[in-house]
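Survey of secondary and tertiary structure
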Amino acid sequence: MICLICGRKLSSPKSLELGYGPVCYGKVSGSLKAAKKAKTGTSHPAPEVPCYDIPGQMELKDYLADL
């Protein structure tokens, strides 16, 4: 089987399962960390993203109510 992006021959079982090599998988998923994860099989927890309460910020439900 070959990589769906670059056409190189895939050899690892994980790459064969995904259809992409580790570098191309990183490009498809938008993260080279994902490519390393696919290659090594390890994962790291996602960093916490703070949620800010900004006065006057419109919520999605408010926007949809105005339509």
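Here we summarise the structure given alongside this text. Keep in mind it's a predicted model, so treat the numbers as computed, not measured. (Residues numbered from 1 in each chain as written. Predicted model: local features only at pLDDT ≥ 70, side-chain atom pairs only at ≥ 80, totals over all residues. Heavy atoms only, no water.)

Broken down by element type, the protein carries 4 helices and 0 strands. Start at the N end of the protein and walk to the C end: the helices and strands fall as α-α-α-α. Counting every position in the protein, which comprises 67 residues, the buried fraction comes to 15%. About 6,100 Å² of surface is accessible on the protein, with carbon and sulfur atoms providing 59% of the total. (Helix = DSSP H or I, 4+ residues; strand = E, 2+ residues; numbered from the N terminus. Buried < 20%, exposed > 50% of the residue type's maximum accessible area, 1.4 Å probe, protein only. Areas by Shrake-Rupley, 256 points an atom, 1.4 Å probe, with all protein chains shown as cover.)

Next up on the list: a nonpolar patch on the surface. Taken together, the side chains of M58, L60, Y63, L64 and L67 define a hydrophobic patch exposed on the protein surface, amounting to about 590 Å² of accessible area. Tracing the backbone shows L64 in helix α4 (residues 60–66). You can call L64 partly exposed: its relative accessible area is 49%. (Patch = residues over 30% accessible without salt bridge, like charges linked within 9 Å, V, L, I, M, F, W, Y side chains within 5 Å. Salt bridge = Lys/Arg side-chain N within 4 Å of Asp/Glu carboxyl O.)

Summed over the entire model, instances satisfying the criterion amount to 0 disulfides. With no disulfide of its own, C6 lies 3.8 Å from the sulfur of C24, the closest cysteine sulfur. The closest cysteine sulfur to the non-disulfide-bonded C24 is located on C3, 3.7 Å from its own sulfur. (Disulfide = S-S within 2.5 Å.)

The final tally for this structure, using the stated rule, is 1 salt bridge. One salt bridge in this structure joins K61 and E59, with 3.9 Å as the shortest N-O distance. We classify K61 as exposed; its relative accessible area is 59%.

Here we take up the side chain of S15. With respect to the secondary-structure elements, S15 resides in helix α1 (residues 13–18). Polar side-chain contacts of S15 include one of 2.9 Å to the side chain of S12. (Polar contact = N/O pair within 3.5 Å; in protein donor to acceptor, adjacent residues only side chain to side chain.)

To continue, consider the environment of G21. Note on placement: G21 falls in the loop between α1 and α2 (22–29). On the basis of relative accessible area, G21 is assigned to the buried category, the value being 11%. On a C-alpha basis, the gap between G21 and L10 in space is 6.4 Å, while along the polypeptide they are 11 residues apart. If near-sequence neighbours (up to four positions away) are discounted, G21 is found in contact with C3, L10 and S15. (Contact = heavy atoms within 4.5 Å.)

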